[in-house]
Amino acid sequence: MKTKPNYEYGYIKVEPRGAGNFGLVSMSGIHYEDDSHLKDMVEDIKRHVDRVGNVEIHYDFYVCGECGSEYETKEDADNCCQPTNVKAEKIKSLKDKEV
Ligand SMILES: [Zn+2]
């Protein structure tokens, strides 16, 4: 038998456009200050799209509030600049990205 997806668990991933993306015009260096644009999108999707079971906001990265390093989990980011932290592995720092 050929491999096939489990159709019962298929879902659709919706991503917002970047903060500086205005459709026809795109500007770099513009960043979202909070998650209000995501919350607005969730409400828009629920209001306008049929057959929606659940919509949730998901983050691929979390940023340490102290040093700006990025992690895949909130827990790792919380532990980043804690003295007890030893195992969390840094993915990349925001400072590296600015260059
Ligand atoms: Zn940190």
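Notes on the structure in this doc start here. Note that the coordinates shown come from a computational prediction; the quantities given were computed from them, not determined experimentally.

**What to know about the overall build of the protein**
When you go through the protein residue by residue, the secondary structure sums to three helices and three strands. In the protein, the succession of α and β elements from N to C terminus is α-β-β-α-β-α. Out of the 99 residues belonging to the protein, those deemed buried represent 3%. Taking contacts inside the protein between residues at least 6 apart in sequence as the whole, the part at least 24 apart equals 14%.

**A closer look at unusual backbone geometry**
Here the phi dihedral of R51 falls at roughly 65°; this positive angle occurs in a residue that is not glycine. Here R51 shows up in the loop between helix 1 (36–48) and strand 1 (62–63). Taking the number of C-beta atoms within 10 Å as the measure of exposure, R51 has 4 and is therefore exposed.

**Examining helix 1**
Between its first and last C-alpha, helix 1 extends 18 Å over 13 residues, near the 18 Å set by a 1.5 Å rise per residue. Burial analysis of helix 1 places just zero of its 13 residues in the buried class, which makes it a mostly uncovered element.

**Thoughts on the environment of V63**
Structurally, the position occupied by V63 is in strand 1. Sequence-wise, V63 and D76 are 13 residues apart; in three dimensions their C-alpha atoms are separated by 9.3 Å.

**Focus on the environment of E66**
Of note, E66 is situated in the loop between strand 1 and strand 2 (69–71). Along the sequence, E66 and C81 sit 15 residues apart, while their C-alpha atoms lie 6.7 Å from each other. Apart from residues no more than four positions distant in its own chain, E66 is found in contact with C80 and C81.

**As for the environment of C81**
Tracing the backbone shows C81 in the loop between helix 2 (74–79) and strand 3 (92–93). For C81, a count of 12 C-beta atoms within 10 Å gives the class exposed. It is 8.8 Å that separates the C-alpha atoms of C81 and G65, two residues lying 16 residues apart in sequence. Discounting chain neighbours no more than four positions away, the residues touching C81 are C64, E66 and C67.

About the cut-offs
- Residues numbered from 1 in each chain as written.
- Predicted model: local features only at pLDDT ≥ 70, side-chain atom pairs only at ≥ 80, totals over all residues.
- Helix = DSSP H or I, 4+ residues; strand = E, 2+ residues; numbered from the N terminus.
- Buried ≥ 20, exposed ≤ 12 C-beta atoms within 10 Å, placed from the backbone.
- Contact = placed C-beta atoms within 7 Å.
- Expected span 1.5 Å × (residues − 1).

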